[in-house]
Each structure stands twice: as C-alpha cells, then as structure tokens.
Amino acid sequence: MDHLTPEQRAQLEEKMRREWDERARRNARFYVNTGRQDWTDEEFFASGERTVAEEILTDMINICQGKDPQRMKVLEIGCGAGRVTRALARLFGYVYAVDVSGEMVRQARAALAGFPNVRIEQNNGWDLTVLGDIKVDFAFSSIVFQHIPSKAIIESYLREVNRVLRRGRLFKFQVQGYPAIERAPDDTWLGVAFSDEEIVELAERCGFEPRYRHGAGTQYFWIWFFKWNYRQLARYFWRRASQYLFMRSET
Ligand SMILES: C[S@@+](CC[C@H](N)C(=O)[O-])C[C@H]1O[C@@H](n2cnc3c(N)ncnc32)[C@H](O)[C@@H]1O
C-alpha cells in the first residue's frame, strides 16, 4: 500500500475536491455516467434505478440478511448527483450519502429535495467523520473508488466503513481491477487498481471477510466485504497473540 504523509494527503484531498467540482460544474451528469452528454432527469434517474436493480435487488439476501429494507439505514460513498441515491432512498428506510465535491452534493440535495429520509454531506475525500457516530446496516459504493488516486485513501474508507457498519453486515463496492492503466500518481479520473491478493490482504487489515469477489482483472471488480462477527474477531486476536507468543519463545 502507498503511504501518504499528512501534507501529501492534504494535497490529494484538495485536488480531488477541486477537480470533481470542476467536472460537476462542467457537466455533472456526464462525469457521473459517461453514457451520455445530455441526460434528461428521467433517463438519468432511471439509470440509477438500473444500478440498484442489478447490484442490490439481485442480492437482497446478503444485503438485508432477513431485515426489512424499510427498517435499514444504509450508506453510499461517492453519491455524485444523486443518481443511485434516489433509488436507494425509495428502497431503504434511511440513506446517508457523502461526496468529496461540494457541487455534486448541491446537485444531489436538489435531486433528493422531496425525500425526508436522506442525509447528504460533503466529506474530506477519505473518511466519514462528517457523519459523526452513525451505525448502518449496509454500505455501497459504485464507480467511485475507481477514480481515487491512492490505495491509502481507499484503505482509510474501509476502516471508516468498518467503524460505522454493524457486525456481520455487508459493504459492497467496486474498484478498478485492471492493472495496466497508465496514469499519473495523482490522477483523480484514473484511480489505482487492485489485484485480488491485495483485496484479500486489505480485508484482513480492516476487519472484513472478503466473502465474494467478481471481475478481478477488469474495471468492474466487485467486492463483498462482511464485517467480522465476534467469532471472527476473536479468531484474529487469538492468531495474533499466538504469533506474538511464538516469536517471544524463539528469542
Ligand atoms: C463517476 S461518479 C459516480 C457517482 C455515483 N456513485 C453514481 O454511480 O451515480 C464518481 C463520484 O465520486 C466522487 N468522488 C471521487 N473521489 C471521491 C472521494 N475520495 N471521496 C468521496 N467521493 C469521491 C466524485 O465527486 C463523483 O461524484
């Protein structure tokens, strides 16, 4: 994983915010979904309904785990102009959404003005402190991490999702999995790529079981991280303690 000094992180934070604000002001809906330059409201939000139909409605067993969706609180990272957020707000009881771009957040809030069950905040681009001490039953992120220029920032999000997600619950997200992309290290359009091995290591470091992965090696590398339950947590500490005791007995 790359390591960022506080100064490097601040620079990237500022660059992500500035460049996504510029994209949002130029044509937010195009940069959210490059399928079209001139989306009508109807088509744009219908495309968000399709994302939810494909990635969420087909997967309700993992996502809801028997809970009524209307009683669930969910989190979306990188909500853009509210394309998917609107469909999430129809399905789930409450939606928290964050985005690094203030202009995207402004547009998403306008798109969701009639929805009392949504809270949309501009965040710093790497953590969820803006939402405070919330708890959610499901977290989701689609076509966002593929734009993030640093693995350390994505790891920071995973630790943050682990903090706010209830035990045993799912964070379903997509990353760039195609490794051979030529990009500048601080490119905020072409983000960093992950191998399957890196994703498995990340899960262990951040307290998740990487139960399913689909599309490794492609742009649409989808990942199902379940937050460790107490048994998995205990097993992890037992393993770390045994390794420590073994090392001490060797010296
Ligand atoms: C291609 S758009 C996708 C928006 C939304 N997920 C959708 O599918 O409609 C990517 C979004 O991610 C946001 N984004 C990029 N980097 C981010 C970061 N580090 N933290 C939060 N949001 C970020 C951008 O501002 C933009 O709104």
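Residues numbered from 1 in each chain as written. Predicted model: local features only at pLDDT ≥ 70, side-chain atom pairs only at ≥ 80, totals over all residues.

**Q** What's the story with the overall build of the protein chain in this structure? I'm lost.
**A** Each helix and strand counted, the protein chain has eight helices and seven strands in total. Reported as C-alpha extents along the three principal axes, the dimensions of the protein chain are approximately 65 × 45 × 35 Å. The proportion of buried residues among the 251 residues of the protein chain is 41%. A separation threshold of at least 6 residues defines the contact pool for the protein chain, and within that pool the share at least 24 residues apart is 65%. (Helix = DSSP H or I, 4+ residues; strand = E, 2+ residues; numbered from the N terminus. Buried ≥ 20, exposed ≤ 12 C-beta atoms within 10 Å, placed from the backbone. Contact = placed C-beta atoms within 7 Å.)

**Q** Looking at this structure, I do not really get the environment of Ala-24. What am I missing?
**A** Here Ala-24 shows up in helix α1 (residues 6-32). With 23 C-beta atoms counted inside 10 Å, the residue Ala-24 sits in the buried group. A C-alpha to C-alpha distance of 12 Å links Ala-24 and Asp-99, two positions 75 residues apart in sequence. Excluding anything up to four places from it in sequence, Ala-24 contacts Tyr-31, Ser-101, Glu-103, Met-104 and Gln-107.

**Q** Would you explain the site of the ligand in this entry?
**A** Around the ligand sit 20 residues, and of these Trp-20, Gly-78, Gly-80, Arg-83 and Gly-125 come closest. Mapped by element, the contributors of at least two residues to the shell around the ligand are α1 and α4 (83-91). The element contributing the most residues to the shell around the ligand is α1, with three residues. Counted by class, the shell around the ligand contains 12 nonpolar, six polar and two charged residues. (Near = placed C-beta within 6 Å. Nonpolar A, V, L, I, M, F, W, Y, C, P; charged D, E, K, R; others polar.)

**Q** What's the story with the nonpolar core in this structure? I'm lost.
**A** As a rule of thumb, soluble globular proteins bury nonpolar side chains together. Ranked by internal contacts, the top residues of the largest apolar core, which has 65 residues, are Val-74, Val-95, Ala-108 and Ala-139. If we skip the residues at most four places from it in the chain, Ala-108 touches Cys-79, Gly-80, Ala-81, Gly-82, Thr-85, Ala-97, Asp-99 and Ile-120. (Core = buried A, V, L, I, M, F, W, Y, C linked by C-beta atoms within 7 Å.)

**Q** Would you explain helix α8 (residues 230-250) in this entry?
**A** Compared with an ideal rise of 1.5 Å per residue, which puts 21 residues at 30 Å, α8 spans 30 Å between its outermost C-alpha atoms and is within 8% of the ideal. Of all 21 residues that make up α8, zero are buried, and the element is exposed over most of its length. (Expected span 1.5 Å × (residues − 1).)

**Q** So what exactly am I meant to see when it comes to the packing of helix α2 (residues 41-55) against α4 here?
**A** Any two packed helices are characterised by how steeply their axes cross, that is the angle between the axes, and by the distance between the axes. In contact at an axis separation of 7 Å, α2 and α4 are set at 60° when each is read in the N-to-C sense. One finds that α2 runs oblique with respect to α4. In this structure, α2 crosses over α4, and the sense of that crossing is right-handed. Across from Phe-44, Phe-45, Ser-47, Gly-48, Glu-49, Thr-51 and Val-52 in α2, the residues of α4 making contact are Arg-83, Val-84, Arg-86, Ala-87, Leu-88 and Leu-91. Looking at the contact of α2 with α4 residue by residue, the classes come out as seven nonpolar, three polar and three charged. (Axes fitted to C-alpha atoms, helices over the stretch in contact; angles between N-to-C directions. Parallel < 35°, antiparallel > 145°, perpendicular 65-115°, else oblique. Left-handed = near helix turned anticlockwise from the far one by under 90°.)

**Q** I tried to follow the packing of α1 against helix α5 (residues 102-111) on my own but got confused; where do I start?
**A** At a minimum axis distance of 7 Å, the contact between α1 and α5 shows a crossing angle of 45°. Overall, the two elements α1 and α5 adopt an arrangement that is oblique. The residues of α5 that touch α1, namely those facing Trp-20, Asp-21, Ala-24, Arg-25 and Ala-28, are Gly-102, Glu-103, Met-104 and Gln-107. Residues of the contact of α1 with α5, tallied by class, amount to four nonpolar, two polar and three charged.

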